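Survey of secondary and tertiary structure
One-letter residues, chain by chain:
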Amino acid sequence: MSDSDREDGVSRRKVLECMTWAGTGVLWTIAGGVPHSLGIVGEAQAAEETKGLTFLQLSDSHVGFDKPANPNALGTLEEAVAKVNALAKKPAFAIHTGDISHLSLESQFDDADRVISQTRLDVHYVPGEHDFLDPDMKFYRERYGRGTKGSGWYSFDANGVHFIGLNNVVDLKAGGLGNLGADQIEWLEDDVKGRSASTPIVVFGHIPLWTVYPEWGWGTSDGAQALSYLKRFGSVTVLNGHIHQVMQKVEGNITFHTARSTAFPQPAPGTAPSPGPMKVPDEQLRTMLGITNVTFKQNEQRLAIIDSPLKG
Amino acid sequence: MTLSSTARSALVAAVLGAATATMLAAVVLPVRAQNAAPAGAVSIDNFTFNPTPLTVKAGTTVTWTNKDDIPHGIASSTNAFPKSRALDTDQSFSFTFTTPGTYQYFCYVHPHMVGTIVVEASTGSNATQ
């Protein structure tokens, strides 16, 4: 039996142990219907145990960002892609959890596409708020929105897993958080209706669907309502970006993860005057984007996040 | 310490002169300000609007300037004025408030950022129209 079976009979599907991933990209595998992170792209262990479906998560590329926190966000994306291409086993596909560009300029989307396409992976995108900054809010939809519903939500199936891509970054309300809106929530309810409760579900979107830190807008106002339609499923994994750091939480059958950025780190909630880009010493930047180990203790609802820098 | 009579007189004159200049400036500057279009400024720092609320007279052009490393966007909470384009670092957006009232606004990129402009009627002794 696998390691996860060893834990206990009650909540093995609720627990993902020894999760490890990084800003460069997260490698996931589906084994026995439960998504497991295989570790940081580029780590030796990521090349092992790759039975079943594996997929990659990229997030928050912010192509075009050139401020002190990282003067070359396109360069660090290129480094991430090089590590993806060095994987012993090629992932089946990738998801990108938004903020592809920094300012929604066509040139930034062009650059992002040029670099990410070098992975030769099918990439399933959801938008971040930085991807809807052009006046007509059309560039994202023209490039990535074909075949999607509304402002860009959709679902697909792979290896028996049902993937749901959500958009919680448009039509935001004053004083509020991320927002899905009634139309998208109604679609979600329909989308999962009639599916077997044993179908593993992976939901991905940009802003965390759970409330991380409302003071900084890190949450989704109607996220709980959306997740209520997923409570009957045995395994639900929610993958987000936006906060440029790893966080993880388990609530019932739902496991929440946020990925790191390939561009720049952001501060932990409340540890800085604002959630703006965190400037770290140059030699530290790639370490910040490199590795984070997250360990989940069984039957523990709280996050246990351990940073393990790639170097030093 | 001793100071000659002459030197003391010169010092007193200098201080008086400076004081007079200051008073003149205090009197003259508001008049000059009335001749130009009244202006108000809101700085966006660390994901906050400063100052907020900002109280201005009707007819004032308010300019928001983004001092963060992340883009922000200005939108009226009640669609009372057109939204700005996305403001990159050091970019600005201006709107002239002609009608008295209280205007709530927010950052449409980071909607937890909210602010208020209070526009007062341009009446009283300082009125120019």
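Preceding block: the structure.
Residues numbered from 1 in each chain as written. Chains lettered and ligands numbered in written order. Predicted model: local features only at pLDDT ≥ 70, side-chain atom pairs only at ≥ 80, totals over all residues.

For chain B, the helix and strand inventory stands at one helix and eight strands. If you list the helices and strands of chain B from N to C, you get α-β-β-β-β-β-β-β-β. By the burial criterion, 27% of the 129 residues in chain B qualify as buried. When contacts within chain B are restricted to residue pairs at least 6 apart in sequence, long-range pairs at least 24 apart make up 50% of them. (Helix = DSSP H or I, 4+ residues; strand = E, 2+ residues; numbered from the N terminus. Buried ≥ 20, exposed ≤ 12 C-beta atoms within 10 Å, placed from the backbone. Contact = placed C-beta atoms within 7 Å.)

Quick look at the packing of helix α2 (residues 73–85) of chain A against helix α3 (residues 106–116) of chain A now. All names here are of chain A. The geometry of α2 relative to α3 is characterised by a closest axis approach of 9 Å and an angle of 20° between their N-to-C directions. One finds that α2 runs roughly parallel with respect to α3. Taken as a pair, α2 and α3 cross one another with a handedness that is right-handed. Across the interface between the two elements, L74, L77, E78 and V81 of α2 pack against D111, V115 and I116 of α3. When the residues that make up the contact of α2 with α3 are grouped by side-chain class, the tally is five nonpolar, no polar and two charged. (Axes fitted to C-alpha atoms, helices over the stretch in contact; angles between N-to-C directions. Parallel < 35°, antiparallel > 145°, perpendicular 65-115°, else oblique. Left-handed = near helix turned anticlockwise from the far one by under 90°. Nonpolar A, V, L, I, M, F, W, Y, C, P; charged D, E, K, R; others polar.)

Residue and element names in this part refer to chain A. Turning to helix α5 (residues 182–192), its buried residues are Q184, L188 and V192. For α5, the buried positions fall inside an angular range of 55° around the axis, keeping them on one side. Residues of α5 that are exposed and angled more than 90 degrees away from the buried face: A182, E186 and D190. Positive backbone phi, approximately 85°, marks G194, located one or two places after α5. (Arc of directions from axis to C-beta.)

Residue and element names in this part refer to chain A. Within the element layout of this structure, V238 appears in strand β10 (residues 236–240). For V238 and V203, which are 35 residues apart along the polypeptide, the C-alpha to C-alpha distance reads 4.7 Å. The contacts of V238, once residues within four sequence positions are left out, are V203, L209, I254 and F256.

Let us look at the interface of chain B and chain A. Opposite the 19 residues of chain B that make contact, chain A presents 19 residues. Residues that form the side of chain B that touches chain A fall into these classes: nine nonpolar, six polar and four charged.

What links the strands of a sheet is backbone hydrogen bonding, and the strands pair in either a parallel or an antiparallel sense. Residues and elements named next belong to chain B. Strand order in the open sheet made by the four strands is β3-β8-β7-β5, with mixed pairing throughout. Unpaired on one side and paired on the other, β3 (54–57) and β5 (74–76) mark the two borders of the sheet. Across this sheet, the average inter-strand angle for adjacent strands is 30°, counted without regard to direction. Examined bridge by bridge, β3 and strand β8 (residues 114–120) share four bridges and lie parallel to one another. Across the sheet, residue L54 finds its bridge partner in β8, namely I117. (Pairing = 2+ DSSP bridges.)

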